Amino acid sequence: MINLFLLGLPGAGKGTVSEQIVDKYHLTHISTGDMFREAMANETKVGLEAKSYIDKGDLVPDEVTAKLVEERLSQSDIKEGYILDGFPRTIVQAEALETITKRLNKPLTKVISLEVNEKILINRLSARFMCKQCGATYNKITKMPKLKDTCDRCGSHDFYQREDDKPEVVKNRLEVNEKMNTPLKDYYQANGLLTSVNGEQTPEKVFENVDAVLGNKQ
Ligand code: AP5
Ligand code: MG
Ligand code: ZN
């Protein structure tokens, strides 16, 4: 059983490597960012509350986020394990996660930190665009759709830039997340779960390294 937490600053490649891990290991991908974006698109109560923080690049309050993750982890479809992408983001959330996973008997087994320097993060975020229909992620420089203006995954022609990828928001988002990055790494270093991976390599190379940490299951 692999229960993984993927730690990394905005643009580090958490979503990208999660897709590759899911393909091989069949883990359930839990991205709080994706869940919030879906809730925002559906204009649910959580979505409307989250929007006011996300569009500014601030963190959604810990209680709201922890409750969302608790509900998701409680569902019965998590069979081969899970990947938490973008949660926990504060020590309060890390402690909440420990309580939740203890109760559900689904403890974290690995933490991987994707290391990417700030300049590269800014470049990646400014070049990222998304499919409006299915949320697939692209990049003007490194990952254009295979067929011009057509989503590889769902065939839609509708793309958009995330509100929080606009340059004025990215600056605050990086600052907010950088503040918590070292304490979180220290937290998982102390309990022996943390491995760091160089996230500045090609997506294939990054996955190769992550795969090795996860045990290279055939
Ligand atoms: P979230 O959606 O999680 O955003 P994030 O952490 O800022 O991370 P991103 O999704 O921007 O980046 P990523 O690491 O997934 O990179 P990606 O693979 O797309 O959260 C959004 C917001 O929700 C937060 O700001 C906060 O407000 C709120 N929120 C979420 N969780 C919360 C929590 N726990 N507590 C409180 N608030 C919370 O890659 C980026 C780009 O680079 C893409 O274009 C990709 O194609 C490209 N790329 C990826 N890897 C490579 C590579 N190896 N080489 C070249 N290009 C690459
Ligand atoms: Mg992401
Ligand atoms: Zn799509």
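Going by the structure above, here's the rest.
Remember, it's a predicted structure, so these values are computed and weren't measured experimentally.

A. Structural detail: the packing of aromatic side chains. For the structure on display, the rule yields five aromatic pairs. Here Y187 and Y188 contribute two aromatic rings whose centre-to-centre distance is 4.9 Å and whose plane-to-plane angle is 75°, an arrangement assigned as edge-to-face. Like Y188, Y187 is buried. Among the aromatic side chains, those forming a connected cluster through ring pairs are F5, Y187 and Y188. Sitting over the ring of Y138, K143 keeps its end group 5.3 Å from the ring centre.

B. A look at the nonpolar core. Counting 23 residues, the largest nonpolar core has L4, V17, I21, I112, L114, V210 and L214 as the members making the most contacts within it. Of all elements in the fold, only strand 1 (2–8), helix 1 (14–25), strand 4 (110–115), helix 6 (118–127), helix 7 (167–190) and helix 8 (203–214) reach the threshold of two or more residues within this core. Here this core gets five residues from one element, more than from any other, and that element is helix 8. Residues within four places of I21 in sequence aside, it is in contact with L4, H26, L27, I83, F207, V210 and L214. Core analysis: the next-biggest nonpolar cluster, separate from the first, contains 20 residues, A66, I78, I100 and L184 among them.

C. Up close: the coordination of the zinc ion (ligand 3). Ligation of the zinc ion (ligand 3) by protein atoms is provided by C131 (SG), C134 (SG), C151 (SG) and C154 (SG), these donors lying 2.3 to 2.4 Å from the ion. Mapped onto the polypeptide sequence, the residues donating to the zinc ion (ligand 3) form the spacing pattern C-x2-C-x16-C-x2-C. Pair noted here: C131 is in strand 5 (residues 128–131) and C154 is in the loop between strand 6 (137–139) and strand 7 (159–160), with a separation of 23 residues, a long-range link. Overall, the relative accessible area of 1% leaves C131 in the buried class.

Each value, and the rule that gives it
- Throughout this document, residue positions are counted from 1 along each chain, in the order its sequence is written.
- Key to labels: chains lettered from A, ligands numbered from 1, both in the order written.
- Predicted model: local features are reported for residues with pLDDT of at least 70 only, side-chain atom pairs are reported and counted for 80 or more only, and whole-chain, interface and lining totals are derived from all residues.
- Only heavy atoms go into the side-chain values, all of them from the structure, while hydrogens and water stay out.
- Stacked, tilted and edge-to-face are the three classes applied to pairs of Phe, Tyr and Trp rings, where Trp contributes its six-membered ring and a pair requires centres within 6.5 Å; stacked means planes under 30 degrees apart, edge-to-face means over 60, and tilted covers the rest.
- Relative accessibility decides the category of a residue: with a 1.4 Å probe and only protein chains considered, values under 20% of the type maximum give buried, values over 50% give exposed, and everything between is partly exposed.
- Whether a charge sits over a ring comes down to the Lys NZ or Arg CZ being within 6 Å of the ring centre and within 35 degrees of the ring normal.
- Residue types Ala, Val, Leu, Ile, Met, Phe, Trp, Tyr and Cys, when buried and joined through side-chain atoms within 4.5 Å, form a set referred to as a nonpolar core.
- Numbered from the N terminus, helices here are DSSP runs of H or I no shorter than four residues, and strands are runs of E no shorter than two.
- By the convention used here, residues are in contact when the closest approach between their heavy atoms is within 4.5 Å.
- Counted as coordinating are nitrogen, oxygen and sulfur atoms within 2.8 Å of the metal, or 3.2 Å for Na, K and Ca, while water is not included, which may make sites look incomplete.

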